[in-house]
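Coordinates in review
One-letter residues, chain by chain:
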Protein chains: 2
Amino acid sequence: MLSKTAKEQLIAITGKDRFSDAVEILTCYSYDSFLEEAMPEAVLFPVSTKEVSEILQVASAHKIPVTARGAGTSVCGAPIAVNQGIVLCFTKMDKIIEINTPDRYAIVQPGVINGELQRALAPEGFFFPPDPGSMNFSTIGGNVALNAGGPRCLKYGVTVDYVLSMEVVLASGEVIRFGSRNIKDVTGYKLSALFCGSEGTLGIITELTLRVVPCPETAQTLMVTFDELDNTAKSVSDIIGSGILPVAIELVDKVGMNALENALHQDLPTEAAGTLLIEVDGIKESCEREIEKITDILKKNHAVSIIKATEEADRNRLWAARRAAYGVFAKIAPDILSEDVTVPVSKVPEMVRSINSTIGKYKLKGGVLAHAGDGNMHPFICADRNDKEEWAKVEAAFKEIFTDAAALHGTLSGEHGIGLAKTQFLPLVMDEASRKFLTTIKRAVDPDNILNPGKLV
Amino acid sequence: MLSKTAKEQLIAITGKDRFSDAVEILTCYSYDSFLEEAMPEAVLFPVSTKEVSEILQVASAHKIPVTARGAGTSVCGAPIAVNQGIVLCFTKMDKIIEINTPDRYAIVQPGVINGELQRALAPEGFFFPPDPGSMNFSTIGGNVALNAGGPRCLKYGVTVDYVLSMEVVLASGEVIRFGSRNIKDVTGYKLSALFCGSEGTLGIITELTLRVVPCPETAQTLMVTFDELDNTAKSVSDIIGSGILPVAIELVDKVGMNALENALHQDLPTEAAGTLLIEVDGIKESCEREIEKITDILKKNHAVSIIKATEEADRNRLWAARRAAYGVFAKIAPDILSEDVTVPVSKVPEMVRSINSTIGKYKLKGGVLAHAGDGNMHPFICADRNDKEEWAKVEAAFKEIFTDAAALHGTLSGEHGIGLAKTQFLPLVMDEASRKFLTTIKRAVDPDNILNPGKLV
């Protein structure tokens, strides 16, 4: 429990209206989109860097764990206060401070919703490339803390590639700033990259300068079906291997497509063993040229049907089902575990086979959804967590899937993060000395381990 | 001096033929392309990670400073052993271990020359985007340690954007590995970005996995002259502000162009107040479209002449003078100090004016060369370092230039690094708490300060 003194000191900073330790409020901040829950002792809603700094000074003095939180859309448990303490919720630090398209940057507070930033940039003909599935709900601060990805990261890169500068409050309450508004900047260590993806374990982000880019002139989308999953996966590695760089190549298998059709009734290709959604962008001539090359490769790989959409409304219709996937799959069974392994793209066919074989072996219900173009696979299993026997199988299956991905020079997470979900599996991809080095950094920066303890390191 | 024991232990690792403390050899490793010199006590040429690890164990036990070195093309003094100790020269760790274009990566040892990697990738239709001026001589290890840039970084980004994975030997001799072959990887802190640009102060890089990308189908180049420098600079900010993203926009002023013509006799536009070299790439239609838009902007800004080159030989001819610049300028006077400030691109006109006004005020000989499209300016001053009075003016002028850049939200270095050259100026762009944080990281990782002491932090 928070001591009376600590509580009084915290309330003195935010006032009573932005501090709560009422159980009905705390419950709302006890979970994210992963499976675990833990009640914090208080939740605070800071409105300025100064307040965050003062809160950290109190937390540091009393050694109170501090967990930063945006919209709670994390799927790895990153914002769950497993060691109790306080949750700092950033929904009230949601200002877009500056948009400067001539100099190609935007300055935002961490609580800005990704989709809000996109809407503010659109009239200027610019966008912010990272597009996690949660982009209409999740905050930029959360995107940066988890180094979020998304479908179009295939062409445009992930969040860390778009962070120019940061303001961070350290565990001590000290405020530091690094980076600048310049794309080229080698002044000091590249600390924005260290904090991006650090899941709130090194410091609390209070302001971000992000790189933004001009919107492509046009885009074209293909929906392609196959009667063998292997040909679907092979098409992906053949397209990427040919030197074309689409914006996105998404893969949905039969289990996934049937779940989507049952929920959405959109006349989706439920008979197909595998479906690809492929998007290219740029000027019209370049889109057409790439679509032509891609179509050749698809035909060589025995594509059954190829639907092309060039108008935005038609493209959105093709994308609608893919975007709905996570919500739909969550309803197949009481619980869903959607994972996030990544393998080099030439290994996509092998990894898809291996995932299906593992799920089959344990007689579980699941399949594969993938940002296949960059090898980022979301194998998912739907089950009931209260059925201990079934859940043990789910855990055993995922352990095998992680091991198989590691053996293919893959990695445990492409975009979801480590959080609570995967710390135990880090030895599959990092040896002891390398893991120890993560701890060296963490201890130096947060010696009392008050920043999001229990995560990542 | 190295103790007899330390020397024996080091020779036991490399053998006598890859260890030297002969003064004539040490002299060769006492300087880079900056102005300072310092004699190391020994130079070693390791051939494996194991040897590097063993050398670091000896260095750590005896607290001997260790400075890593590639080809010595650094222009900030980064590989100069100012605290003596040993230089680890990586020219014998120069193997390209694997090129895998279907999965878009290359694995190299740090001593591979950037240009060698380009030549190995070309037959596959791929390239490695970072192209520092030194690319035909400098090593990839050095490029990564300094987070090198280059002209085409405007479109393609800098070195850190292409480092997927690293093997690093720590001060203790421990070997760590992080990252993977996957573009999307959020497993643990983003340490490859922390080490990239760390100038050998945190660890010694022994292997790199780099992202490589398909070559564009074609490219087109413009050489454009102006009779006012202000219009030259304004064209740059107008092009970038319009949403076009060329591969490169290089700016050369009259002083620079005349120096180039005097040395090269290429019938260069010596009358022009400013010259731009602009390159676009992609498919033919897209290049043509962009060149058309750019030409409109240039005309609006009163361009005097516009020469277009589409064939590779013609493009190379336009580029030849620009590529020769550093070598040529070095001959104008006994010494040249070429600096590396970066400002947001809308501030390019103001920064160019300010540089010229400062150089004029001190009655010095110099000018501006710039990767202008990303705001990365190389103001240069040619003088005689033995003329104490003149050199004091050079130093005063650069201090003003740095201060002006900082005031425009610019930064001290876009691509050259901090090294010996600029540690003293860090307070212009980083406050005390932020600088202290650099030291926190350095102390945690290298507690005895044996890794390239005296640099960066």
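Just so we're clear, the structure is a prediction, and the values are computed from it rather than from any experiment.

1. Considerations on the packing of helix α8 (residues 229-241) of chain B against helix α12 (residues 348-361) of chain B
Residue and element names in this part refer to chain B. One way to put it is that α8 packs onto α12 with a least axis distance of 8 Å and a crossing angle of 150°. With respect to each other, α8 and α12 are oriented roughly antiparallel. At the point where α8 passes α12, the crossing takes the right-handed sense. In this structure, α8 uses L229, D230, A233, K234 and S237 to contact α12, whose residues at the interface are V348, P349, V352, R353 and N356. Tallied by class, the residues present in the contact of α8 with α12 amount to 5 nonpolar, 2 polar and 3 charged.

2. Some words on the domain arrangement of chain A
Residues and elements named next belong to chain A. Partitioning chain A into structural domains gives domain 1 (4-89), domain 2 (96-214), domain 3 (216-323) and domain 4 (332-448). Inter-centroid distance (C-alpha atoms) of domain 3 to domain 4 is 25 Å. In this assembly, 16 residues from domain 3 lie in contact with 17 residues from domain 4. Of the roughly 1300 Å² buried between domain 3 and domain 4, counting both surfaces, carbon and sulfur atoms make up 65%. Of all residues in domain 3, the largest losses of buried area upon contact with domain 4 belong to L251, V255 and R322, amounting jointly to 30% of the total for that side. Connecting domain 3 to domain 4 are 1 salt bridge. Of the charged contacts in the structure, one is a salt bridge between R353 and D230, with a shortest N-O distance of 2.3 Å. Run the count over domain 3 and domain 4 and you get 6 residue pairs in polar contact (both at pLDDT 80 or more). Residue assignment for the side of domain 3 that touches domain 4 shows that the elements contributing at least two residues are α8 (229-241), β13 (248-253) and α9 (254-264). For the side of domain 3 that touches domain 4, the residue count by class is 9 nonpolar, 2 polar and 5 charged.

3. Some thoughts on the pairing of strand β13 (residues 248-253) of chain B
Residues and elements named next belong to chain B. Counting buried positions over the 6 residues of β13 gives 6, a clear majority of the element. Every second residue of β13 is oriented toward a common face, with A248, E250 and V252 on one face and I249, L251 and D253 on the other, all of them buried. Relative to strand β14 (residues 274-282), β13 runs antiparallel, the two being bridged by 6 bridges. Bridge assignment links D253 to a residue of β14, and that residue is G274. The pairing of β13 with strand β18 (residues 365-371) spans 3 bridges and is classified as antiparallel. Bridged to V252 within β18 is L369.

4. Describing the relation of the copies chain A and chain B
Screw-axis analysis of chain A against chain B gives a translation of 0.0 Å along the axis, an RMSD of 0.0 Å, and a rotation angle of 180°. Taken together, the turn and the small shift mark the pair as related by a two-fold rotation axis. Comparing interface residues between copies, 100% of those in chain A also lie at the interface in chain B; the contact surface is shared.

5. So, the packing of aromatic side chains
Under the defined criterion, the tally for this structure stands at 16 aromatic pairs over all chains. Ring centres 6.2 Å apart and planes at 80° place the aromatic pair F128 of chain A and Y162 of chain A in the edge-to-face group. Here Y162 of chain A lies in the loop between α6 (153-156) and β8 (163-169) and F128 of chain A lies in the loop between β7 (126-127) and α5 (140-146), a separation of 34 residues in the sequence. There is no split in this pair, since F128 of chain A and Y162 of chain A are both buried. On the numbers, 5.7 Å between centres and 40° between planes, the contact of F437 of chain A with F195 of chain B is tilted. Taken together, the positions of F437 of chain A in helix α14 (residues 432-445) and F195 of chain B in helix α7 (residues 191-195) put the pair across two chains. We note that F437 of chain A, like F195 of chain B, is buried. A network of ring pairs unites the aromatic residues F178 and F195 of chain A together with F437 of chain B as a single cluster.

6. Section: the pattern of salt bridges
Residue and element names in this part refer to chain A. Within the structure shown, the criterion is met by 49 salt bridges over all chains. We note a salt bridge from R315 to E279, for which the minimum N-O separation is 3.0 Å. Here R315 is found in helix α11 (residues 312-329), whereas its partner E279 is found in strand β14 (residues 274-282), with 36 residues between them in sequence. Here the salt bridges share partners, and the residues they tie into one network are E167, R177 and E207.

7. Describing the sheet that holds strand β4 (residues 86-89) of chain B
All names here are of chain B. Spatial strand order, β1-β2-β4-β3: 4 strands in an open sheet with mixed pairing. The open sheet has two edge strands with one neighbour each: β1 (19-20) and β3 (66-69). Across 2 bridges, β1 lies against strand β2 (residues 42-44) in antiparallel orientation. Bridging across to β2, F19 finds its partner in L44. Its contacts with the sheet put helix α3 (residues 49-62) on β2, β3 and β4, and the angle it makes with β4 is roughly 170°.

8. Thoughts on the nonpolar core
Most often, soluble globular proteins have nonpolar side chains that are buried together. In this structure, M166 and F195 of chain A together with M166 and F195 of chain B are the most contacted members of the largest nonpolar core, which totals 200 residues. Setting aside residues up to four positions removed in sequence, M166 of chain A forms contacts with V144, I176, R177, F178, S192, F195, C196, I205, E207 and L208 of chain A.

9. Looking at unusual backbone geometry
Residues and elements named next belong to chain A. Residues other than glycine seldom take positive phi values, yet K63 does so here, at roughly 55°. In this structure, K63 sits in the loop between α3 (49-62) and β3 (66-69). Of note, H302 is a non-glycine position whose phi angle comes to about 65°, a positive value. Among the structural elements, H302 can be located in the loop between α10 (284-300) and β15 (305-309).

What counts and how
- Residues numbered from 1 in each chain as written.
- Chains lettered and ligands numbered in written order.
- Predicted model: local features only at pLDDT ≥ 70, side-chain atom pairs only at ≥ 80, totals over all residues.
- Heavy atoms only, no water.
- Axes fitted to C-alpha atoms, helices over the stretch in contact; angles between N-to-C directions.
- Helix = DSSP H or I, 4+ residues; strand = E, 2+ residues; numbered from the N terminus.
- Parallel < 35°, antiparallel > 145°, perpendicular 65-115°, else oblique.
- Left-handed = near helix turned anticlockwise from the far one by under 90°.
- Contact = heavy atoms within 4.5 Å.
- Nonpolar A, V, L, I, M, F, W, Y, C, P; charged D, E, K, R; others polar.
- Domains from an automatic or database assignment.
- Buried area = accessible area lost by both parts, 1.4 Å probe.
- Salt bridge = Lys/Arg side-chain N within 4 Å of Asp/Glu carboxyl O.
- Polar contact = N/O pair within 3.5 Å; in protein donor to acceptor, adjacent residues only side chain to side chain.
- Buried < 20%, exposed > 50% of the residue type's maximum accessible area, 1.4 Å probe, protein only.
- Pairing = 2+ DSSP bridges.
- Least-squares fit on C-alpha atoms with pLDDT ≥ 70 in both.
- Phe/Tyr/Trp six-rings, centres within 6.5 Å; stacked < 30°, edge-to-face > 60°.
- Core = buried A, V, L, I, M, F, W, Y, C linked by side-chain atoms within 4.5 Å.

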